Amino acid sequence: MKRYVIERNIPGVGRLDDAQLKDASATSNAALARLGGKVQWVQSFVVDDKTFCIYLADDEAQVHEHAALSGFPASKVSEVRSVIEPMTAV
């Protein structure tokens, strides 16, 4: 599977409380279940008016299918070409 970064423009998402974030996670998980394992959600980073999500999928179309099923926009989808971290320098 390929790794993707999904930028979702969601005004006010950074002000959601824990219960609302839990509901959003449940909605995403339900969409993932409908896709039968074709897409995997790794994690999301929530900022003021966006989320940046890390997903695994065979292709970008599957990421967009999840977005359609979940109702969460996939404003920009970028395939990860490589990953670097502090230990890359060693």
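Up top is the structure.
Here the structure is a predicted model, which means the values were calculated and not measured.

Calculation notes
- Residues numbered from 1 in each chain as written.
- Predicted model: local features only at pLDDT ≥ 70, side-chain atom pairs only at ≥ 80, totals over all residues.
- Heavy atoms only, no water.
- Helix = DSSP H or I, 4+ residues; strand = E, 2+ residues; numbered from the N terminus.
- Contact = heavy atoms within 4.5 Å.
- Buried < 20%, exposed > 50% of the residue type's maximum accessible area, 1.4 Å probe, protein only.
- Pairing = 2+ DSSP bridges.
- Axes fitted to C-alpha atoms, helices over the stretch in contact; angles between N-to-C directions.

### A few points about the environment of Lys76
Point 1. By the element assignment, Lys76 lies in strand β4 (residues 76–79).
Point 2. When the C-alpha atoms of Lys76 and Val5 are compared, they prove to be 8.2 Å apart, with 71 residues separating the residues in sequence.
Point 3. Excluding residues within four positions of it along the chain, Lys76 makes contact with Val5, Ile6 and Glu7.

### A closer look at the pairing of strand β3 (residues 50–57)
Working note: regular strand, side chains alternate between the two faces of the sheet.
Point 1. Counting buried residues in β3 gives 6 out of 8 residues, a clear majority hidden from the surface.
Point 2. Note that strand β2 (residues 39–46) and β3 share 7 bridges and pair antiparallel. If you follow Gln40 over to β3, its bridge partner there is Leu56.
Point 3. Two successive antiparallel strands, β2 and β3, enclose a turn made up of 3 residues.

### Focus: the sheet that holds β2
Point 1. Judged by pairing direction, the sheet is antiparallel, and its 4 strands sit side by side in the order β2-β3-β1-β4 without closing on themselves. Every interior strand has two partners, whereas the edge strands, β2 and β4, have only one. Across the sheet, the mean angle from the axis of one strand to that of its neighbour is 20°, orientation sign disregarded.
Point 2. Contacts between helix α1 (residues 18–34) and the sheet are confined to β2 and β3, with β2 contributing the most and set at about 160° to the helix.
Point 3. The sheet strands contacting helix α2 (residues 60–70) are β1 (2–9), β2, β3 and β4, and the helix crosses β1 at an angle near 40°.

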